[in-house]
Each structure stands twice: as structure tokens, then as C-alpha cells.
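Secondary and tertiary structure notes
Here's the letter readout for the chains.
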Amino acid sequence: RRVDDALMDASGARLAGEAPPSVALLKLDVEGFECIALGGMRELLGRGAISAIKLEVFDALLRL
């Protein structure tokens, strides 16, 4: 499930046409799937809904 879908649907913002929920800090630890996870939050990132991201990068898997 995409982060955009999870947060937008849970808050009801998408259905009501409202602004997305505000996220002060998002911690992301997805063991090599960083690019896919970030791609799944394009709407939230594009609308400035996420203020900060703490991202752990598993660079060995990103090189594959």
C-alpha cells in the first residue's frame, strides 16, 4: 500500500478534497526499498505535507 493512499484515505482528505494531513516527522526504514517507498508518497511530498524525513538507506541493496 502506498503512503499517499494510507495517509490520505485515513484522514479522509482525499474524499473531502481537503488538504493532506500534516506530518512533522516521517521515519522510513524499508531495507532497500527506499526509492519505491518515496515514489509512493509523491502526492504528500509534492504538496509539502511532510516536514522532515529520517531515512535509513541500505546502500548495498540499492546498488542491485
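Residues numbered from 1 in each chain as written. Predicted model: local features only at pLDDT ≥ 70, side-chain atom pairs only at ≥ 80, totals over all residues. Heavy atoms only, no water.

1. Topic: the overall build of the chain
How we decide: The helix and strand labels rest on DSSP assignments: H or I over at least four residues marks a helix, E over at least two residues marks a strand, and numbering proceeds from the N terminus. Using a 1.4 Å probe on the protein chains alone, a residue whose accessible area is under 20% of its type maximum counts as buried, one over 50% counts as exposed, and one in between counts as partly exposed. In what follows, a contact means two residues having at least one pair of non-hydrogen atoms within 4.5 Å. Only the protein chains shown count as cover for residues, and all accessible areas are computed by the Shrake-Rupley method using a 1.4 Å probe. Only four residue types enter the tally: Lys and Arg on the positive side, Asp and Glu on the negative side, with His and both chain ends excluded. In this description, the location of a charge corresponds to atom NZ of lysine, CZ of arginine, CG of aspartate or CD of glutamate.
Across its full length, the chain carries five helices and two strands. Of the regular secondary structure in the chain, the N- to C-terminal order runs α-α-β-α-α-β-α. The C-alpha extent of the chain, read off along each of the three principal axes, is 40 × 20 × 15 Å. Looking at the chain residue by residue over its 64 residues, the buried ones come to 23%. Long-range contacts, defined as pairs at least 24 residues apart, comprise 63% of the intrachain contacts of the chain with a sequence gap of at least 6. Carbon and sulfur atoms make up 59% of the accessible area of the chain, which amounts to about 4400 Å² in all. Taking the average location of the 8 positive side-chain charges in the chain and that of its 10 negative ones, the two points are 2 Å from each other.

2. Looking at the pattern of salt bridges
Side-chain pairs of opposite charge can arise whenever the charged atoms involved come near each other. Formally: We define a salt bridge as a side-chain nitrogen of Lys or Arg found within 4 Å of a carboxyl oxygen belonging to Asp or Glu.
The full count for this structure, using the stated rule, is six salt bridges. A salt bridge links Asp-9 to Arg-1, with the shortest nitrogen-to-oxygen separation between them at 3.6 Å. Assessed through its relative accessible area of 36%, Asp-9 is described here as partly exposed. Through salt bridges with shared partners, one network takes in Arg-2, Asp-4 and Asp-5.

3. Topic: the side chain of Glu-34
The following threshold applies: Identification of polar contacts relies on pairs of N or O atoms within 3.5 Å, with a donor-acceptor requirement for protein atoms, meaning one able to donate a hydrogen and the other able to accept it, and with residues adjacent in sequence counted only if both atoms are side-chain atoms.
Mapped onto the elements of the fold, Glu-34 is located in helix H3 (residues 34-39). It is Lys-27 that comes nearest to the buried, bridge-free Glu-34 among opposite-charge side chains, at 10.0 Å. A distance of 3.2 Å separates the side chain of Glu-34 from the backbone nitrogen of Gly-32, its partner in a polar contact.

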